[in-house]
Amino acid sequence: MITRRQMAAWSGLSLLGASASGWFPHLACAAQQSNKAYRHCILLWMSGGPSQLETFDPKPRHENGGPTQAIPTAVAGIHISEHLPQIAQWMTHLAVIRSMQTKEGDHARATGFVRTGYLPQGPIRYPSIGSLLAQQLHDPQCDLPAYVSVNPFLGISPAAFGPGFLGPAWSPLIVSAQTAQAGPAASEDDDSADGVAFEVRNLQRHRDVSRWQAEQRLELLAAMEHEFAMQRPDTPVAGHRQAYERAVRMMTSEAVRAFRLDDEPDALRDAYGRNPFGQGCLLARRLIEHGVSFVEVNLSDDRGNGGAAGWDTHTNNFRTVGGLCSVLDPAWASLLQDLNDRGLLADTLVIWMGEFGRTPRINDNVGRDHWPGGWSVVLGGAGIRGGQVYGATSDDGTTITEDPVAVPDLIATICRALQLEPTDANISNVGRPVPLADHGARAIDRLLT
Amino acid sequence: MNRRRGIFHRRPATVPGLVLVLVLFVRASGADSAGGAEPTGSPDGVVLSWKETAAQIDGLFAAAWQRHGVVPAEPASDEEFIRRVYLDLAGRIPSVSEVRAFLASDDPDRRERVVATLLENPAWVRHMTIVWRNALIPQAVMQADLRPLVPGFEAWLWERLAAKTPYDRLVREILTTDVQAVSPFVVRDAVRPDAFFAAGRLKPENLAAATTRAFLGVRLDCAQCHDHPFDRWKQDQFWKLAAFYSELPASSPGAVSMQEAGGSPGTIRIPDTDQVVSAVFLTGEVPRDTRFLREQLADWITSPNNPWFARMAVNRLWAQFFGRGFVDPIDDFSDANPAVHPEVLDLLAEQFVAHDFDLTFVIRSITASQVYQRSGVQTHASQSDTSMFARAAVRGLTPEQFFDSLAEAVGFYQPYRQDNPFVIDMTSARGRFLELFRSDGESVLEHETTILQALAMMNGDFTGEATSLKDSRTLRAVTEFPLMSDSERLETLFLAALARRPSPSERDRFLRFLDTHPDGQAAALSDIFWVLLNSSEFLLNH
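A.B. asks: Even after reading the chapter, I still don't get the overall build of chain B, so can you show me in this structure?
C.D. replies: Check the secondary structure of chain B and you find 24 helices and 4 strands. Evaluated residue by residue, chain B yields a buried proportion of 57% over its 542 residues. If you take every contact in chain B between residues at least 6 apart in sequence, the share linking residues at least 24 apart comes to 72%. Taken as a whole, chain B presents about 20900 Å² of accessible surface, with 54% of it coming from carbon and sulfur.

Quick look at the structure:
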């Protein structure tokens, strides 16, 4: 049996002992419920750019509106699209921004901008909003990664999902839904997604490995890593260490129970929708309960799958968006209900957005193209004064007639809703302080409680 | 040009070996002006050998380091070199016997001999196929619906790279290939490069952006919607380039192509405007003819006088060996993003042209340089600046490099599918690892290990078997071979995983572990092998 001290002595670097022993946390680290009230954030990410006209800014009296009808909501005077009847009942808790405006009509640039709050600028690697908020809001007691991304689509702008200059400690745990039966034969069968699960694989020690053996291995690995990292102060080496530390912490934690959706009543699972997005929203609530700071869930098609830019409706816009909304509406409404029932909504900000909107003019393929000039975002829950619409677009949808909102202003508003100060700064990889929201950003007071 | 030639379909037989080499059009007149950048052609026309080129690279870097007060790292040891050069050229770590043979050699030219040998090895072709596939159709790897494009494209690349096709011809073949409207959902097992067009969804604007980015390192993407915010490109320049692709067929059966919509050849309408523009090269010249537009575009792109073509290729190759290019990101040549060490970039580009776009010439020059043969061990703070190339940077592996190295280390052999070696079988161990280790980062220097990767390597079945006494070939060979001492067994595991012998302190530490393990020596060797396979030294190139 080898002790760390012996190991350090043999390696000829006795100073190494202390740092090597800190390489992995002690295995006895148990899950604890935190006492401090940390706020949380759930982002419902609509990759591809959702049509505002078929969601929160319908134009039924103009030809640009197409066949989409508007319906009244729980708040008198506010109408939204007919595709979101359940969400309409939650309008008292929601604030709709109809006047988001950027100049970025390219998926990658727009995704980067909306998800980091910054346009690319020289060598600065801006963190995604998930990493940024996770780093600000994280509960040190939580054994799970502070940022979890469910069914993301990383094909457009991978860096917009990464930690940037904050470093690998704030990179997301990426979780993908496993469906029991993924065959096309089951596509029309509503029960086919019953088996949606979010297992984190390989969390258990391999069956042939004893606990003692596992500990020995980790100690030897820690010593090797330490020597290698001393000689090579490079990002990939530090990132490897972070990943192993976080993985070991998860392995030894009770908090991974959060992934067991089977613990939930059937009726609740049904309400969310038995599909990857619906169950992903349920998972988000469970992760928040277990102390995770930021969870995002991506929706890409009418079966609730993620992993694609499904809102990019250049063709067949109306049917596609209708299908997407049929998954979105019950999942989102159930999430709000569930958070509210458990007293979590007051501390949890729920954001609905994509990278831009769609052209008001309907194109020749019954589609809508990229439109950064006036589109919608919805906020609800923690810190948000619900029951209002902010900003407006013209009757044909092509111009903003009231209160345009820039991306940094949105980020600042999100920060304030989460009790963060938008001007607080991190030090970037080029040594320059970078505030949470870009210089000059102004939080929209009217949206905040 | 674009007549239909039948629909692709799944073929059980092997990929067809013949491909129609398309019309090689007469090279454009050499009058291209540079449009702000210098032409690439060597001013005095000196043709250097790869050894001379390597020596010049080293001379230029020595001067640059002196200018900037940089103290370069020590030369790489043979152990460092052999692992790095195998990963870079063969796409995998060397086997135990390959390391032993190299370390035992006293041939002073052993390093260049290894490079020469590897450049004749099928593993090199295989690795370069992956490298160029990632470079040319990156979306096809990321987006599941485009995956069926990959096998036919890889097969085509494989044939061209194995034949040592000059780079300009390779690019010309891609740009001028026969293109048909066909669903990307059909598995392409025809040996053809038209996946490049299918990956761009046959849209002129996508293809204009992809072409300039991949072959010229010029990012026009933002100019699609507005004038470029911090570069000289204007929106109409983007669409004038897109007009070269106006002759393509419609993106899907039922959709309307530019031609059918009544557009005149070589023109395109800028969306949401009434402005119709004609094809014009980025340097301002107009094509001579409104027919054969893609051929003329290929002429212009691959011309030795094109200011970007050779530089971009050389920049990409350099990044392949150092983790970053002179221009970084590699495909962002612009006034706002100047190259570091432009004199080296120009030298390599000139010699690349002078050697008729021979990719292996550039690779031999780079790998023979002392810059490439630096150690990764940091000895001075000035070596941290990766733009100085004064120390071998630690780089992430591609998923393929990683799995093929893991397979080499543990003695895992997975037969290729007989019917089509390019089809990725997602249920195989290799397929699963490729998926899990797919890197989303934009730079190998910022490579991140994910939690899920760490868990798979620590606890997964593959590692479990690789480190199990009954399943692992490498481990069994090491534990069961009767004539080895403990020290030799340890050394063999180190050579298998890390291509080096243990340091004296490691030897002491691990031998002590072997001696005192309560479950015996074999169990201890299994634990040690686990440690080596989970180390960042194994998971990274350095």
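From this point, the discussion proceeds with the structure in view.
A.B. asks: Sorry, what's going on with the interface of chain B and chain A here?
C.D. replies: Often, the extent of an interface is quoted as the loss of accessible area upon association of its parts. Listed per partner, the contact involves 59 residues of chain B and 59 residues of chain A. Both sides of the chain B and chain A interface together cover about 5200 Å² of buried area, and 62% of this is carbon and sulfur. Linking chain B with chain A are 6 salt bridges, by the criterion used here. For Asp234(A), the salt bridge identified is with Arg391(B), shortest N-O distance 2.9 Å. At the boundary of chain B and chain A, one finds 15 residue pairs in polar contact (both at pLDDT 80 or more). Elements represented by at least two residues in the side of chain B that touches chain A include exactly helix 18 (451-459), helix 19 (461-466), helix 22 (504-516), helix 23 (521-534) and helix 24 (536-539) of chain B. Tallying contributions element by element places helix 18 of chain B first for the side of chain B that touches chain A, with 8 residues. Looking at the side of chain B that touches chain A residue by residue, the classes come out as 25 nonpolar, 19 polar and 15 charged.

A.B. asks: In this structure, what is going on with the pairing of strand 1 (residues 40-45) of chain A? I would like to understand it.
C.D. replies: Side chains on a regular strand alternate between the two faces of the sheet. Residues and elements named next belong to chain A. Within strand 1, 6 of the 6 residues are buried, which leaves it mostly tucked inside the rest of the structure. By the alternation rule, side chains of strand 1 split into His40, Ile42 and Leu44 and Cys41, Leu43 and Trp45, which are all buried. Relative to strand 8 (residues 348-353), strand 1 is paired through 6 bridges, and the arrangement is parallel. Within strand 8, the position partnered with Ile42 by the bridge is Val350.

A.B. asks: Sorry if this is basic, but what is going on with the side chain of Thr393(A) here?
C.D. replies: All names here are of chain A. Tracing the backbone shows Thr393 in strand 13 (residues 392-393). Using a relative accessible area of 9% as the deciding quantity, one classes Thr393 as buried. Of note is the side chain of Thr393, whose polar atom sits 2.6 Å from the side chain of Asp57. At 2.8 Å, the side chain of Thr393 and the side chain of Lys59 are in polar contact. With residues up to four places along the chain from it excluded, the contact list for Thr393 reads Asp57, Lys59, Arg98, Gly374, Thr399, Ile400 and Thr401.

A.B. asks: What is the right way to read the pattern of salt bridges from this model?
C.D. replies: It is possible for side chains bearing opposite charge to pair when their charged atoms get close. All names here are of chain A. A complete count under the given rule lists 58 salt bridges over all chains for this structure. For Asp57, the salt bridge identified is with Lys59, shortest N-O distance 3.4 Å. Just as Asp57 is buried, Lys59 falls in that class too. Here Arg269 and Asp262 are joined by a salt bridge, their closest N and O atoms 3.1 Å apart. Overall, Asp262 belongs to the exposed group, its relative accessible area being 66%. If you follow the salt bridges from partner to partner, you end up with Arg257, Asp263, Glu264, Arg285, Arg286, Glu289, Asp338 and Arg342 in one network.

A.B. asks: Just to check I follow, could you spell out the sheet that holds strand 4 (residues 94-100) of chain A for this structure?
C.D. replies: Whenever strands of a sheet pair, they do so through backbone hydrogen bonds, lying parallel or antiparallel. Residues and elements named next belong to chain A. Spatially, 6-5-7-1-8-11-4-12 is the arrangement adopted by the 8 strands of the open sheet, whose pairing is mixed. Sheet topology places strand 6 (173-175) and strand 12 (388-390) at the edges, where each strand pairs with a single neighbour. When the angles between neighbouring strand axes are averaged without regard to direction, this sheet yields 15 degrees. Sheet topology places strand 4 next to strand 11 (residues 375-381); 5 bridges connect them, and they run antiparallel.

A.B. asks: Teacher, can you tell me more about the environment of Arg316(B) here?
C.D. replies: All names here are of chain B. By the element assignment, Arg316 lies in helix 13 (residues 309-322). C-alpha separation for the pair Arg316 and Gly217, spaced 99 residues apart in sequence, amounts to 9.1 Å. Sequence-distant contacts of Arg316, defined by excluding residues within four places in its chain, comprise Trp132, Ala135, Ala214 and Ile330.

A.B. asks: Help me out: how do you make sense of helix 20 (residues 473-480) of chain B in this one?
C.D. replies: In an α-helix, one full turn covers 3.6 residues, which means residues spaced three or four apart are oriented alike. Residue and element names in this part refer to chain B. Burial in helix 20 covers these residues: Thr474, Leu475, Val478 and Thr479. Across the axial projection of helix 20, the buried residues extend over an arc of 115 degrees, all falling on one side. On the buried face of helix 20, the contacting elements are helix 16 (399-410), helix 19, helix 21 (486-498) and helix 23. At the N-terminal boundary of helix 20, the capping side chain belongs to Ser472, with an oxygen 3.1 Å from the backbone nitrogen of Leu475.

A.B. asks: Could you clarify how one ought to interpret the side chain of Ser253(A) in this entry?
C.D. replies: Residues and elements named next belong to chain A. Within the secondary structure layout, Ser253 lies in the loop between helix 7 (235-251) and helix 8 (266-272). Among the residues examined, Ser253 registers a relative accessible area of 6% and is labelled buried. Reaching out from Ser253, the side chain makes a polar contact with the backbone nitrogen of Ala255 at a distance of 2.8 Å.

A.B. asks: Please explain the nonpolar core as it appears in this structure.
C.D. replies: Ranked by size, the top nonpolar core spans 110 residues in total, and within it Val85(B), Trp132(B), Tyr167(B), Phe215(B) and Trp318(B) carry the most contacts. No other element matches helix 13 of chain B, which puts 9 residues into this core. Beyond its immediate sequence surroundings of up to four residues, Trp318(B) is in contact with Ile57(B), Phe61(B), Gly323(B), Arg324(B), Gly325(B), Phe326(B), Leu348(B), Ile366(B), Val371(B) and Phe389(B). If you look at the next biggest cluster of nonpolar residues, it comprises 108 residues, including Ile42(A), Leu268(A), Ile528(B) and Leu533(B).

Reading guide: rules and limits
- Residues numbered from 1 in each chain as written.
- Chains lettered and ligands numbered in written order.
- Predicted model: local features only at pLDDT ≥ 70, side-chain atom pairs only at ≥ 80, totals over all residues.
- Heavy atoms only, no water.
- Helix = DSSP H or I, 4+ residues; strand = E, 2+ residues; numbered from the N terminus.
- Buried < 20%, exposed > 50% of the residue type's maximum accessible area, 1.4 Å probe, protein only.
- Contact = heavy atoms within 4.5 Å.
- Areas by Shrake-Rupley, 256 points an atom, 1.4 Å probe, with all protein chains shown as cover.
- Buried area = accessible area lost by both parts, 1.4 Å probe.
- Salt bridge = Lys/Arg side-chain N within 4 Å of Asp/Glu carboxyl O.
- Polar contact = N/O pair within 3.5 Å; in protein donor to acceptor, adjacent residues only side chain to side chain.
- Nonpolar A, V, L, I, M, F, W, Y, C, P; charged D, E, K, R; others polar.
- Pairing = 2+ DSSP bridges.
- Axes fitted to C-alpha atoms, helices over the stretch in contact; angles between N-to-C directions.
- Arc of directions from axis to C-beta.
- Core = buried A, V, L, I, M, F, W, Y, C linked by side-chain atoms within 4.5 Å.

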